[in-house]
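Residue strings, one per chain:
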Amino acid sequence: MADGLRFGLAVTPSAGDVAGMTALAQAADEAGLDLIAVQDHPYQPGHLDTMAALTHLGAHTSQVGLLTDVADMALRPVPMLAKAAASLDVLTGGRFELGVGSGGFPDAVAAMGGNAVRGGAAVEFTAEALRLLRAALDADGPIAMDGRHHRVAGYEPGPVTPHRVPVWLGAQGPRMLGLIGELADGWISPLNVYVPPGEVPAKQKLIDQAATRVGRDPADVRRLYNVLGMIGGSQRGKGLFGDAETWAQTLAGWADGLRFDTFVFWPVMSELDQLRRFAQEVVPRVRELTA
């Protein structure tokens, strides 16, 4: 597991602080982190469009990967989402990864004119979307789907991407977790304040069982944990608070015991300082502990 560990930083697509957002992404790039993750809540008036923000950040960085954490498919038609993902991968030389979700805030989606789906319909919607995304991103001839929620009639996908763009699914419900095992490249767990560590093993088991049912090796499904907290902060409320060693011991334990291979850090304040502490003190120590 240690060789596959990756570490990222969540960057808020703030329209009110583009310079700060850019500086944070550049610092993550220079620090050698693996991912910059950007949330997708377009109904937030203070947020930039996530794809536009990632295009900007991709142009101002050179090595770090870029991830939607996660793109709202209820507001983004799947063929156009695939087009945007392929375009970003081309523009960044193969650095883009696509995290998607069915739309976690259906009322906000509906208020924006989107396709708000709930319950079983959301599961069916997402299953169709994952199949359509994979076909479109593989860019291998005309694509057609006559589904209940997605209908396309022989469109030509593209552009061809520099690398196979992974499709992650953000989810926590049992049926959605099953879809990850069947169809997705990886699981994006919601923040540790929403899916605490004690709930993770049961969710991992559902992914594994679904993967096995369709003949996949569960080890081929990657697992990402979004972690909210502060390095050097005193223990308080939910999230992960403590010194760098506490963070390192905790993340190493979650890597070995909970089988996460990717951690995305969501600092609660002092983002540049927190990034530096994460990259310089926490990440090397986690790698040492899991070697």
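Right, let's walk through the structure included here. Since the model is a prediction, treat every value here as computed from it, not as a measurement.

Scanning the chain for helices and strands turns up nine helices and 12 strands. Computed over C-alpha atoms, the radius of gyration of the chain comes to 18 Å, within 12% of the 19 Å expected from 2.2 N^0.38 for 291 residues, which places it in the range of a compact globule. Taking the principal axes of the C-alpha coordinates as reference, the chain spans close to 55 × 45 × 35 Å. For the chain, the residues scored as buried account for 52% of the 291 residues in total. Counting only contacts in the chain whose residues sit at least 6 apart along the sequence, the fraction spanning at least 24 positions is 72%. If you sum the accessible surface of the chain, you get close to 12300 Å²; carbon and sulfur atoms cover 52% of it. Here the chain contributes 24 positive and 32 negative side-chain charges, whose respective centroids are spaced 5 Å apart.

So, about the packing of aromatic side chains. Each pair of aromatic rings is reported with the distance of its centres and the angle of its planes. On inspection of all chains with the given rule, the structure shows 10 aromatic pairs. Between Tyr225 and Phe260 the ring centres are 4.2 Å apart and the planes differ by 10°, which places this aromatic pair in the stacked class. In this pair, Tyr225 sits in strand E10 (residues 222-231) while Phe260 sits in the loop between helix H8 (244-257) and strand E12 (262-267), placing the two residues 35 residues apart along the sequence. On the basis of relative accessibility, which here comes to 0%, the residue Tyr225 falls in the buried class. Here the aromatic residues Phe7, Trp187, Tyr225, Trp247, Trp254, Phe260, Phe263, Phe265 and Phe278 are joined through ring pairs into a cluster of three or more.

For the rest of this paragraph, the subject is the pattern of salt bridges. Two side chains with opposite charge may pair up if their charged atoms get near one another. In this structure the tally under the stated criterion is 16 salt bridges. Its salt-bridge partner being Asp40, residue Arg76 comes within 2.9 Å of it at the nearest N-O pair. Within this pair, whereas Arg76 is found in the loop between strand E4 (71-72) and helix H3 (78-91), its partner Asp40 is found in the loop between strand E2 (35-38) and helix H2 (50-59), the two being separated by 36 residues in sequence. By relative accessible area, which is 3% here, Asp40 ends up buried. A salt bridge links Arg277 to Glu281; the shortest N-O distance between them is 3.1 Å. With a gap of four residues between them, Arg277 and Glu281 both fall in helix H9 (residues 271-290), about one helical turn apart. Under the relative-accessibility criterion, Glu281 is labelled partly exposed at 35%. Here the salt bridges do not stand alone but share partners, grouping Arg134, Asp138, Arg164 and Asp185 into one network.

So, how was this worked out
- Residues numbered from 1 in each chain as written.
- Predicted model: local features only at pLDDT ≥ 70, side-chain atom pairs only at ≥ 80, totals over all residues.
- Heavy atoms only, no water.
- Helix = DSSP H or I, 4+ residues; strand = E, 2+ residues; numbered from the N terminus.
- Rg over C-alpha atoms; globule rule 2.2 N^0.38 Å.
- Buried < 20%, exposed > 50% of the residue type's maximum accessible area, 1.4 Å probe, protein only.
- Contact = heavy atoms within 4.5 Å.
- Areas by Shrake-Rupley, 256 points an atom, 1.4 Å probe, with all protein chains shown as cover.
- Lys, Arg positive; Asp, Glu negative; His and termini not counted.
- Charge placed at Lys NZ, Arg CZ, Asp CG, Glu CD.
- Phe/Tyr/Trp six-rings, centres within 6.5 Å; stacked < 30°, edge-to-face > 60°.
- Salt bridge = Lys/Arg side-chain N within 4 Å of Asp/Glu carboxyl O.

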